[in-house]
Amino acid sequence: MTETPYVGDFLKDSPRNWGKWGPDDEVGSLNYLTSAEVLRGVAEVRSGEVFTLQVRMGDPGGDPVWPGRESIQRTNVMDEGFFQRGEGVETPGGAHYSDDVATLYLQASTQYDSLGHVWYDGQIWNGYDASTTDGAMEKASILPIAERGVVGRGVLIDVARHRGKAALDKGETFTHEDLLEIAAAQGCTIEKHDVLVVRTGFIGSFYRQSAEEFYDGFLEPGLTYSPELVEWFQTMEIPNLVTDTIANEVTLEPSSGVTLPLHSALMRNLGVAFTEIAWLEDLAAACAADERWTFLYTAAPLKVVGGTGAPVNPVVVR
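Residues numbered from 1 in each chain as written. Predicted model: local features only at pLDDT ≥ 70, side-chain atom pairs only at ≥ 80, totals over all residues. Heavy atoms only, no water.

Overview of the packing of aromatic side chains
Stage number 1. For the coordinates displayed, the defined rule picks out 15 aromatic pairs.
Stage number 2. Where phenylalanine 206 meets tyrosine 215, the ring centres are 6.5 Å apart and the plane angle is 75°; that geometry is what we call edge-to-face.
Stage number 3. Under the relative-accessibility criterion, phenylalanine 206 is labelled buried at 5%.
Stage number 4. With a relative accessible area of 24%, tyrosine 215 lands in the partly exposed category.
Stage number 5. Relative to phenylalanine 233, the ring of tryptophan 232 has its centre 5.4 Å away and its plane inclined at 85°; by these criteria the two rings are edge-to-face. Of the two residues, tryptophan 232 and phenylalanine 233, both sit in the buried class.
Stage number 6. What links up through ring pairs into an aromatic cluster is the set Trp66, Phe202, Phe206, Tyr207, Phe214, Tyr215, Phe218 and Trp279. (Phe/Tyr/Trp six-rings, centres within 6.5 Å; stacked < 30°, edge-to-face > 60°. Buried < 20%, exposed > 50% of the residue type's maximum accessible area, 1.4 Å probe, protein only.)

Below, the structure is given as structure tokens:
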């Protein structure tokens, strides 16, 4: 059996954008989303339809999360029951109120990764030392992305619908060439600086089966690594990859067995922002209905100081 290579060796010739936006940059390829790109996105609005792309948090049926993470734990700490028991804090005027507290993994819902989320060879995005992640992320945390916000032209590539499936199979892969082929079949074009939104149907499938079925033999479908794919992302200057999977790529790269190499090749090396666990079912249905696959994409993750990621509810306007 062939031994799985070290990711640093596997990606030794992979291109980098380190230093492209200066030695202090922490938002990477989101720099491509200039004011002109914002206006290009605004120009895609035709019907005024609004779609939110976050999955629900704390759904009674469970939330789709990476294995080992837990869904949000939300608890009421004040409600009418407290007042009826004489435990509520009465206020002048007598109005009652509710309050709650939550414990959550910051990446256990629809979320943005920080650019420093994954690394190898002791360096995160832009060459910052990996020791800057100790205790909290001093560099390339989610905060700079959250403070900047993400606005641009989005394009949806519906891989599942193109392949005639409600959802791709576990471990099913596709390449950038497949994305280009599907875009052509949809009658749209992936343009430079587009926010690339890719539907596999995988997150939608979570709500149509039991958690046991969903996680059994866990191996997500998704993009698969190749040098050509990385070069394409760099040439197209893609600022943001958004998918309806938990990790934006096939879990194990088929030829090498390396876990999630695109996190390193695209996020660590090129500074591409990753948005994961997106709810794309409603948006995809609308796009298919009128064969209009481009839109204004907007997003702003929570401003968590030192965070390695943060929940987000992207808003799309068509």
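Side note on the pattern of salt bridges
Stage number 1. Considering all chains together, one arrives at 22 salt bridges under this definition.
Stage number 2. Between arginine 153 and glutamate 191 there is a salt bridge; the shortest N-O distance is 3.8 Å. On the criterion of sequence distance, the pair formed by arginine 153 in strand S5 (residues 150–158) and glutamate 191 in the loop between helix H6 (176–186) and strand S7 (195–199) is long-range, its members being 38 residues apart.
Stage number 3. Here glutamate 191 falls in the partly exposed class, since its relative accessible area comes to 33%.
Stage number 4. For aspartate 169, the salt bridge identified is with lysine 165, shortest N-O distance 3.1 Å.
Stage number 5. Here aspartate 169 falls in the partly exposed class, since its relative accessible area comes to 44%.
Stage number 6. Accessibility expressed as a relative area gives 27% for lysine 165, which makes it partly exposed. (Salt bridge = Lys/Arg side-chain N within 4 Å of Asp/Glu carboxyl O. Helix = DSSP H or I, 4+ residues; strand = E, 2+ residues; numbered from the N terminus.)

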